[in-house]
Amino acid sequence: MIDEIAAISDDAPARIADATTLAELRAVEAELTGRKGSLTLLKRGLGALGADDRRAAGAALNAAIGTVEAAIAARRDALERADLADVVARERLDLGEVPTTPRRGTVHLVTQTWDRLVDVFVGMGFVVAEGPEVETDWYNFEALNIPSGHPARGMWDTFYVDLGEPETVLLRTHTSPVQIRVMTDQAPPIYAVMPGRVYRRDTADASHMPVFHQIEGLVVDRGISFADLAGTLEAFTSAYFGGSIHSRLRPSYFPFTEPSAEYDINCVFCEGTGCRTCQHTGWLELGGCGMVHPTVLRNVGLDPEEWSGFAFGFGLDRLALMRHGVDDIRELYTGDVRFLEQFPS
Ligand code: FA5
């Protein structure tokens, strides 16, 4: 038996060292010291030996089992530590390294459009002005020649803010009140654009949102005519959409301009041949414009005999849709990354 113990003992260290996983080590352990392991079986055979041999073999066996158990424990410890190191390496979240390959977001298409429009108009000599989104009735309606009870108020379905006198504070329905603020704050000549967010009680559909954006334009100087308005808008159209798209002005009505017009461009989807988006007219409506009404000039203390001007107000979101050939305004506001990432900034 001593020889058998020696043979197993000699073999054991290499077998234990060869186990490269905890599962392999458990198998080796079972083969050596498990219930049916070789050393365990030898131990069971001790009873058959004579007293002297039993004592000698028992001592050798206990020593061998002790050595094997210690080697297994050491190997288990090493494998467990390696396992842990592996898990740590695999699950490591090195926050210090994240910014080296970050997933970059992009500027939202509406913001890109806002910036681009401002760039085009600044290039044409305009300055940029902004006004508050919560307005008073005076700026949003009265000063723009839309007195209370005027049927034109129905053109803009309004959200009122429950502050002060009923229906005197509201979420602006257009960027036109910023015209009044600019004319009140500075003397002509004025060449300004005013981008901003506006609110209307409109139901969302393919071309409407209750919260959207406009860009207003205002020119007040001596001797400004309708030809200046038409020329400015045509120059803007080419600069923003490229040379193949043209503008046209169609007679319309706004209380704060006289004469008034709708600003249309060739349909960017069919380039004027007629399609579903342009309702087969070949034209898309993007905003309103006209010559600043004499009453509006008087409301801000300007003499209409001395000063004249033009104004326009375009749907900024719709300009974005037309430039990029998107046919549903709601796409801009769902926050779907698959849509947004098509417009890298
Ligand atoms: C106005 O808001 C006038 N203030 C424009 C103006 C300014 C006329 C200066 C004359 C002088 P209108 O309500 O038509 O006009 O709106 C202008 C543009 O805003 C529309 O042509 C359209 O492009 C956009 N628009 C209007 N309602 C919505 C909406 N619910 N969602 C998205 N865009 C809209």
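Above this note sits the structure.
The rules behind each value
- Residues numbered from 1 in each chain as written.
- Predicted model: local features only at pLDDT ≥ 70, side-chain atom pairs only at ≥ 80, totals over all residues.
- Heavy atoms only, no water.
- Helix = DSSP H or I, 4+ residues; strand = E, 2+ residues; numbered from the N terminus.
- Rg over C-alpha atoms; globule rule 2.2 N^0.38 Å.
- Buried < 20%, exposed > 50% of the residue type's maximum accessible area, 1.4 Å probe, protein only.
- Contact = heavy atoms within 4.5 Å.
- Areas by Shrake-Rupley, 256 points an atom, 1.4 Å probe, with all protein chains shown as cover.
- Lys, Arg positive; Asp, Glu negative; His and termini not counted.
- Charge placed at Lys NZ, Arg CZ, Asp CG, Glu CD.
- Expected span 1.5 Å × (residues − 1).
- Pairing = 2+ DSSP bridges.

A. Main features of the overall build of the chain. Scanning the chain from terminus to terminus reveals 11 helices and 9 strands. Relative to the compact-globule value of 20 Å for 345 residues, the chain shows a C-alpha radius of gyration of 41 Å, a clear excess of over 25%. Counting every position in the chain, which comprises 345 residues, the buried fraction comes to 40%. Long-range contacts, defined as pairs at least 24 residues apart, comprise 66% of the intrachain contacts of the chain with a sequence gap of at least 6. Of the accessible surface of the chain, which amounts to about 18,200 Å², a share of 52% is contributed by carbon and sulfur atoms. Distance from the positive charge centre (31 side chains) to the negative charge centre (50 side chains) of the chain: 9 Å.

B. Seen up close, helix 4 (residues 51-90). When the terminal C-alpha atoms of helix 4 are compared, their 57 Å separation across 40 residues agrees well with the 58 Å that a helix rising 1.5 Å per residue should span. All of the buried residues in helix 4 are A57, G58, L61, A64, I65, V68, I72 and L79. Where helix 4 is buried, its residues touch helix 1 (2-18), helix 2 (22-33) and helix 3 (38-45).

C. Inspection of the environment of A17 at higher detail. Positionally, A17 belongs in helix 1. Assessed through its relative accessible area of 45%, A17 is described here as partly exposed. Residues A17 and V28, spaced 11 residues apart in sequence, show a C-alpha to C-alpha distance of 10.0 Å.

D. Molecular detail of the pairing of strand 7 (residues 257-266). Burial runs high along strand 7: 8 of the 10 residues are buried. Examined bridge by bridge, strand 6 (residues 247-254) and strand 7 share 7 bridges and lie antiparallel to one another. Its bridge partner lying in strand 7, S252 is registered against S260. As consecutive antiparallel partners, strand 6 and strand 7 are separated by 2 residues. The sheet contact formed by strand 7 and strand 8 (residues 283-292) spans 8 bridges and is antiparallel. Looking at the pairing, E262 lines up with G288 of strand 8.

Shape is all these values report; function is a separate question.
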